[in-house]
Structure formats: C-alpha cells, structure tokens
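# Examination of the molecular architecture
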Amino acid sequence: MTDILAAFAWVFDPANWAGPSGILARLGEHAWYSLLTLILAAVIALPIGLAIGHTGRFRGLAVGVSGALRAIPTLGLVVYLALITLNLSIIPPLIALTILAIPPVLAGAYSGLESVDRRTIDAARAMGMTELQILFKVEIPLSLPLIIGGIRSAALQVIATWTVAAILPVGGLGRFLFDGLAVQRYDEMLGGSILVIALALVTDGVFAIVQRLVVPRGVTAGKIQDVRSKDPWRPIGPSVPHQPVGNSS
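In this text, all values refer to a predicted model and were calculated from it rather than measured experimentally.

### Quick word on unusual backbone geometry
With a phi close to 60°, Phe-58 is a non-glycine residue in the positive phi region. Mapping Phe-58 onto the fold places it in the loop between helix H2 (23-55) and helix H3 (59-71). You can call Phe-58 exposed: its relative accessible area is 60%. Positioned with a positive phi, Gln-184 is a non-glycine residue whose angle comes to about 60°. Examined against the element boundaries, Gln-184 turns out to sit in the loop between helix H8 (174-182) and helix H9 (186-213). On the accessibility criterion, Gln-184 (56% relative accessible area) is exposed.

Printed below as a string of structure tokens:
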C-alpha cells in the first residue's frame with residue numbers, strides 16, 4: 001500500500017509533468033507512437049481483410065498468417081530488428097508493433113464482413129448494385145462495429161507493448177520503467193505503469209463509444225423489443241378483465 005501511495009504521489013507531483021522528460025511529454029510520445037502504429041497496421045490489414053470478407057477467398061491463409069504473426073515474440077523482434085539494422089530509433093519497434101497490430105485488425109475486417117446476412121447482400125445484388133457499391137454501402141456500414149472492435153483490440157496491445165519497447169533509447173511511458181529501474185526509483189516505475197493503464201483505459205473507453213455510434217440507425221431501429229410478461233405461463237393475447245364467480249345481484 002505504501003508503494004502504491006508513493007506511486008500516485010509521484011504521478012500527481014507537478015514537478016514530474018514539466019520538461020522534455022516529464023509525464024506530459026512522455027504521454028504525448030506514447031500516444032503518437034501508438035497512433036502511428038495503428039495507422040500503419042490499418043493501411044496494411046484493412047484492405048486485405050475487406051477483400052477476404054467480401055470474396056470469401058484466402059480466408060484459411062489469412063487465419064494461418066494471423067496466427068503465425070501472433071506467435072512472434074514482439075520484444076525479441078524489436079531487439080532483433082535493432083541489431084540487424086543497427087538502428088536505435090523508433091523504426092525497429094514501429095515495424096515490430098505494426099506486425100503485432102495486423103492480426104486483430106485483419107480478423108476484425110474479414111469477420112465483420114462475414115457476419116453480414118447473405119440475404120441482405122443478395123437483395124442488394126438484385127437491386128442492381130455493383131460489387132463496390134455492395135461493399136461500401138452495405139457490407140462495411142453493417143460490419144463497422146466489428147471492424148472497430150478489431151482496431152480496438154489492436155490499440156490495447158500496441159499501447160501495452162510500446163511500454164517494453166523502451167528497452168531501446170526511444171521515448172514513451174516505458175522510459176519511466178527502465179529509467180526508474182536504473183536508479184531504483186520504484187515509485188517512478190509503478191507510476192509509469194499506472195499511466196500506461198490509464199492511457200489504455202481511456203483509449204478503450206473511446207473505442208467503446210465509437211463502436212456504439214457507428215451502429216447503423218436502421219439496425220438499432222429494427223430491433224424488436226419483447227413487451228410480453230416475464231411470466232411464462234401467462235397466455236399471449238389481449239388481457240381479459242377478471243369476472244367474479246357467482247350470480248350478480
């Protein structure tokens with residue numbers, strides 16, 4: 001408990017927020033690194049996932065490749081890329097974390113399109129819509145919550161993994177962990193971990209709101225609400241007023 005209190009005291013100390021190595025600067029670096037990684041992963045994975053989901057081709061290959069990419073140890077790949085390129089900038093971890101972010105984005109894209117009812121797509125074809133019109137006007141709008149869900153999952157993995165990527169001399173919130181370990185400042189290390197958790201929670205909350213907002217209005221309007229009684233033995237139909245038994249006077 002004392003360590004946790006010391007960590008929160010470190011986080012809320014105004015002296016730790018200022019300067020190029022302060023919390024605000026490191027938080028901005030971490031957010032920028034994560035955003036750049038997600039953009040690169042989305043540029044690569046979304047077109048491939050949409051093509052697979054629309055055509056249904058190469059799905060098995062996509063699943064196999066995604067599983068193989070998930071199995072790669074990201075920290076080991078970061079160090080390996082830094083060694084073979086002799087580059088200690090953000091390029092090695094950026095490449096490694098982009099590879100990490102591709103599988104969930106890819107899976108969200110093709111799974112989202114596969115979840116669209118085939119009868120809806122057949123109806124769109126019967127109306128004379130082209131394949132591109134079906135993709136952009138029917139399939140993507142209906143599958144957008146799942147596509148956003150894939151990006152959401154990738155974002156949380158990227159935010160967490162950029163922390164350990166600070167084993168190289170790059171910025172981000174991971175610097176507090178490695179720099180604090182070097183001088184045995186455990187309050188700084190724990191405080192940096194708290195900041196990473198806070199950033200991940202805020203990001204997850206934003207994506208959760210976006211997922212709700214992108215649900216097509218026609219889908220939410222078409223939901224049928226069950227207004228029947230929870231009593232399973234009550235007959236379905238108009239209610240009949242109770243009639244007293246016996247002769248009325």
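### Topic: a nonpolar patch on the surface
A cluster of nonpolar side chains, contributed by Leu-75, Val-79, Tyr-80, Leu-83, Ile-84, Val-164, Ile-167 and Phe-178, occupies part of the molecular surface with about 700 Å² of accessible area. Sorting elements by how many residues they give to the nonpolar patch places helix H4 (residues 74-85) first, with 5 residues. By the element assignment, Val-79 lies in helix H4.

### Thoughts on the packing of aromatic side chains
Aromatic ring pairs are described here by two measures, namely the spacing of the ring centres and the angle between the planes. Within the structure shown, the criterion is met by 3 aromatic pairs. On the numbers, 5.0 Å between centres and 75° between planes, the contact of Trp-10 with Phe-176 is edge-to-face. Placement of the pair is Trp-10 in helix H1 (residues 2-11) and Phe-176 in helix H8, with a sequence separation of 166 residues. Exposure class is identical for Trp-10 and Phe-176. Each is buried.

### Observations regarding the UniProt feature "transmembrane region" (unreviewed entry) in the protein
In this structure's numbering, the residues bearing the UniProt feature "transmembrane region" (unreviewed entry) are residues 30-53, 60-84, 90-113, 159-178 and 190-210. The distance from the first to the last C-alpha atom of residues 60-84 is 32 Å, and the span holds 92% helix and 0% strand. Between the C-alpha atoms that bound residues 159-178 the distance is 16 Å, and the span itself is 55% helix and 0% strand.

### Considering the side chain of His-30
Mapped onto the elements of the fold, His-30 is located in helix H2. Overall, His-30 belongs to the buried group, its relative accessible area being 0%. Other than its neighbours up to four places away in sequence, His-30 contacts Ile-159, Trp-162, Thr-163, Gly-172, Leu-173, Gly-174 and Leu-199.

### Let's talk about the nonpolar core
Counting residues in each nonpolar core, the largest one holds 29 residues, and the members touching the most others are Ala-96, Leu-97, Tyr-110, Val-158 and Trp-162. Looking at this core, the elements with two or more residues in it are H2, H4, helix H5 (91-114) and helix H7 (131-164). Considering every element that reaches this core, the biggest residue donor is H5, with 9 residues. In this structure Leu-97 touches Thr-37, Thr-74, Val-78, Val-158, Thr-161 and Trp-162, once residues within four positions along its chain are discounted. Core analysis: the second largest hydrophobic core is formed by 10 residues, Trp-10, Val-196, Leu-199 and Ala-200 among them.

### Some points on the confidence of the model for the protein
Averaged over every residue, the pLDDT of the protein is 85; the share at 70 or more is 87%. Per-residue pLDDT stays below 50 along residues 224-240; that stretch engages in 3 contacts with residues further than four places along the chain or on separate chains.

### What about the packing of H4 against H5?
Here H4 crosses H5 at 145°, and the two axes come no closer than 8 Å. Considering how the two elements wind past one another, H4 and H5 form a crossing that is right-handed. Touching Thr-74, Leu-77, Val-78, Leu-81, Ala-82 and Thr-85 of H4 are Pro-92, Pro-93, Ile-95, Ala-96, Leu-97, Ile-99 and Leu-100, all from H5. Counted by class, the contact of H4 with H5 contains 11 nonpolar, 2 polar and no charged residues.

Parameters at a glance
Residues numbered from 1 in each chain as written. Predicted model: local features only at pLDDT ≥ 70, side-chain atom pairs only at ≥ 80, totals over all residues. Heavy atoms only, no water. Helix = DSSP H or I, 4+ residues; strand = E, 2+ residues; numbered from the N terminus. Buried < 20%, exposed > 50% of the residue type's maximum accessible area, 1.4 Å probe, protein only. Patch = residues over 30% accessible without salt bridge, like charges linked within 9 Å, V, L, I, M, F, W, Y side chains within 5 Å. Areas by Shrake-Rupley, 256 points an atom, 1.4 Å probe, with all protein chains shown as cover. Salt bridge = Lys/Arg side-chain N within 4 Å of Asp/Glu carboxyl O. Phe/Tyr/Trp six-rings, centres within 6.5 Å; stacked < 30°, edge-to-face > 60°. UniProt positions renumbered as here; feature names shortened; annotations may be inferred. Contact = heavy atoms within 4.5 Å. Core = buried A, V, L, I, M, F, W, Y, C linked by side-chain atoms within 4.5 Å. pLDDT = per-residue confidence, 0-100. Axes fitted to C-alpha atoms, helices over the stretch in contact; angles between N-to-C directions. Left-handed = near helix turned anticlockwise from the far one by under 90°. Nonpolar A, V, L, I, M, F, W, Y, C, P; charged D, E, K, R; others polar.

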